Amino acid sequence: MNAHNAGQVARISCGHCNIKRFYKPLELREVIGNVTIDQVRAKVRCEKCERKESMRAELFHPVGQELETMRFRRLIEIRWERRVVWKDE
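What counts and how
Residues numbered from 1 in each chain as written. Predicted model: local features only at pLDDT ≥ 70, side-chain atom pairs only at ≥ 80, totals over all residues. Heavy atoms only, no water. Helix = DSSP H or I, 4+ residues; strand = E, 2+ residues; numbered from the N terminus. Rg over C-alpha atoms; globule rule 2.2 N^0.38 Å. Buried < 20%, exposed > 50% of the residue type's maximum accessible area, 1.4 Å probe, protein only. Contact = heavy atoms within 4.5 Å. Areas by Shrake-Rupley, 256 points an atom, 1.4 Å probe, with all protein chains shown as cover.

**Topic: the overall build of the protein**
Thought 1: Within the protein, the regular secondary structure consists of 4 helices and 3 strands.
Thought 2: Scanning the protein from its N terminus toward the C terminus, one meets helices and strands in the order α-β-β-α-α-β-α.
Thought 3: The C-alpha radius of gyration of the protein comes to 16 Å, more than 25% above the 12 Å expected for a compact globule of 89 residues.
Thought 4: Across its three principal axes, the protein shows a C-alpha extent of roughly 65 × 30 × 20 Å.
Thought 5: Per-residue burial over the protein gives 26% buried out of 89 residues.
Thought 6: Excluding contacts between residues fewer than 6 apart, the proportion of contacts in the protein whose partners are at least 24 apart in sequence is 61%.
Thought 7: A total of about 7500 Å² of accessible surface is found on the protein, and carbon and sulfur atoms cover 45% of it.

Here it is as structure tokens:
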């Protein structure tokens, strides 16, 4: 929450796929909770290669031109799926 108040942006990237995504810390808090950026890195997985071990996460202050060219991933909705698991006895 402090990152959002300070105007910081979260950059989460995959070291294997070299994909970078930018998030607003307030929206990450809705999904992951009010945790540190190191804990965010441990909880995310790459959507392309599905690896967790090569993920990087950092907070930074975007400047001028960088902020204009940045595309944020925005939270639209959170869906909870109900799954039935059966066990034969």
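**A word on the side chain of S13**
Thought 1: Within the fold, S13 resides in strand β1 (residues 9–14).
Thought 2: Filtering out sequence-adjacent residues up to four positions away, S13 remains in contact with I19, K20, S54, M55 and R56.

These results come straight from atomic positions and should not be treated as a statement about function.
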